[in-house]
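Structural characterization, general
Letter by letter, the chains look like this.
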Amino acid sequence: MTVTFEVRDGVGTIQLDRPPMNALDVAIQDRLRELAEEATRREDVRAVILYGGEKVFAAGADIKEMQAMDHTAMVLRSKGLQDAFTAVARIPKPVVAAVTGYALGGGCELALCADFRIAADNAKLGQPEILLGLIPGAGGTQRLARLIGPSRAKDLIFTGRMVRAEEALTLGLVDRMVPAAEVYGQAHAWAAQLAKGPALALRAAKESIDAGLETDIDSGLTIERNWFSGLFATEDRERGMRSFVEEGPGKATFL
């Protein structure tokens, strides 16, 4: 298997397993889409970790495989590539990327699909496609610009340069930097905490933020309002409010 999926304590870990660099070939792309769809469907999966192992997250696409493709082949493949990453980005549950070592090209783009990124202090991230005479093709031009702003995204994409974890943290490309040995543990702790939360409210929050960023403020407020009022029909809302009134904040248990 080039990608594995294990579930523990409500947390599903999607782990790349293609040594030595987890190059993202077509088989891995398609498997990522399948596992993202599985994580979406499964009720026992309440949060997700994206992980490449202790040494490397993913050093990018399989360049030898891509080199053999002509224009027609890539026209046919490019949508499948984007669909795989979009399936990960649209998992309606909290998703955290645990980034060790290199996260370049498609690896960086995969990390961008997460809601939160925890990076090892030895991590190096970047979009080096320009050095191949290309641009990012798995969402990098769109997700990176939305995350860190257009001018910073253009700097990374135009130059193709790698950034170390410290600079990535400053740019907002990652959200937390920790010692390499702690990356997965901290990612699991983050995910496990949210796995105990109200699943529908977390989904509503994620979809409201993500969909709202794609539209104008009034439309975004409508999305928020519809989700907000809809959650009043859930048992989790009843549990949360009852616990708050009877026990104080932060003590509710959810289904």
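Here the residue index of a chain counts from 1 through its sequence in written order. Only residues with pLDDT of at least 70 get local features here, since the model is predicted, and only at 80 or more are side-chain atom pairs given and counted; chain-wide, interface and lining totals rely on the full set of residues. Processing note: side-chain calculations cover all non-hydrogen atoms of the structure and skip hydrogens and water entirely.

Turning our eyes to something else, we now look at the pattern of salt bridges. The salt bridge criterion pairs a side-chain nitrogen of Lys or Arg with a carboxyl oxygen of Asp or Glu, the two atoms within 4 Å. Applying the stated criterion across every chain, the model contains 17 salt bridges. The partner of Asp30 in a salt bridge is Arg77, and the shortest N-O contact between them spans 2.9 Å. Of this pair, Asp30 sits in helix H1 (residues 26-41) while Arg77 is found in helix H3 (residues 71-89), placing the two residues 47 residues apart along the sequence. Here Asp115 makes a salt bridge to Lys206, at a shortest N to O gap of 2.9 Å. In this pair, Asp115 sits in the loop between helix H4 (106-112) and strand S6 (116-120) while Lys206 sits in helix H9 (residues 199-212), placing the two residues 91 residues apart along the sequence. Each residue's exposure class comes from its accessible area (1.4 Å probe, protein chains only) as a fraction of the maximum for that residue type: buried when under 20%, exposed when over 50%, partly exposed otherwise. For Lys206, a relative accessible area of 9% translates into the label buried. Here the residues in one salt-bridge network are Asp30, Arg33, Glu37 and Arg77, joined through shared partners. Strands here are runs of E lasting at least two residues and helices are runs of H or I lasting at least four, both read from the DSSP assignment and numbered beginning at the N terminus.

On to the sheet that holds strand S8 (residues 162-164), then. Strand pairing is assigned whenever DSSP detects at least two bridges linking the two strands. Ordered in space as S5-S7-S8, the three strands form an open sheet in which the pairing is mixed. Pairing within the sheet leaves two strands with one partner each, and these edge strands are strand S5 (102-104) and S8. The average angle at which neighbouring strand axes cross in this sheet is 20°, direction not considered. Relative to S8, strand S7 (residues 124-126) runs antiparallel, the two sharing three bridges. Among the inter-strand pairings, Gly126 is bridged to a residue of S8, identified as Met162. To get an axis, fit a line to the C-alpha atoms, keeping to the stretch in contact for a helix; angles then go from 0 to 180 degrees between the N-to-C directions.

Looking now at the sheet that holds strand S2 (residues 11-16). Taken in spatial order, the six strands make up an open sheet running S1-S2-S3-S4-S6-S9, and their pairing is mixed. Single-partner strands in this sheet number two, and they are strand S1 (3-8) and strand S9 (176-178). This sheet shows a mean twist of 20° between the axes of neighbouring strands, independent of strand direction. Across four bridges, strand S3 (residues 47-51) lies against strand S4 (residues 95-99) in parallel orientation. Looking across to S4, one finds that Tyr51 is bridged to Ala98.

On to a nonpolar patch on the surface, then. Residues enter a patch when their relative accessible area is above 30% and they make no salt bridge; the linking distance is 9 Å between like charges and 5 Å between nonpolar side chains (Val, Leu, Ile, Met, Phe, Trp, Tyr). Only the protein chains shown count as cover for residues, and all accessible areas are computed by the Shrake-Rupley method using a 1.4 Å probe. Where nonpolar side chains cluster on the molecular surface, the patch consists of Met21, Tyr102 and Met162 and spans about 250 Å² of accessible area. As for its position among the elements, Tyr102 is in strand S5. Residue class for Tyr102 comes out partly exposed when judged on its relative accessible area of 32%.

Another point: the packing of aromatic side chains. The pairing test for Phe, Tyr and Trp rings, Trp by its six-membered ring, is centres within 6.5 Å, and the orientation test on the planes gives stacked under 30 degrees, edge-to-face over 60, and tilted for anything in between. Enumeration over the complete set of coordinates arrives at three aromatic pairs. Look at Phe228 and Phe232: their rings are 5.5 Å apart centre to centre, the planes differ by 70°, and that puts the pair in the edge-to-face class. Residue classification places Phe228 among the exposed positions, given a relative accessible area of 55%.

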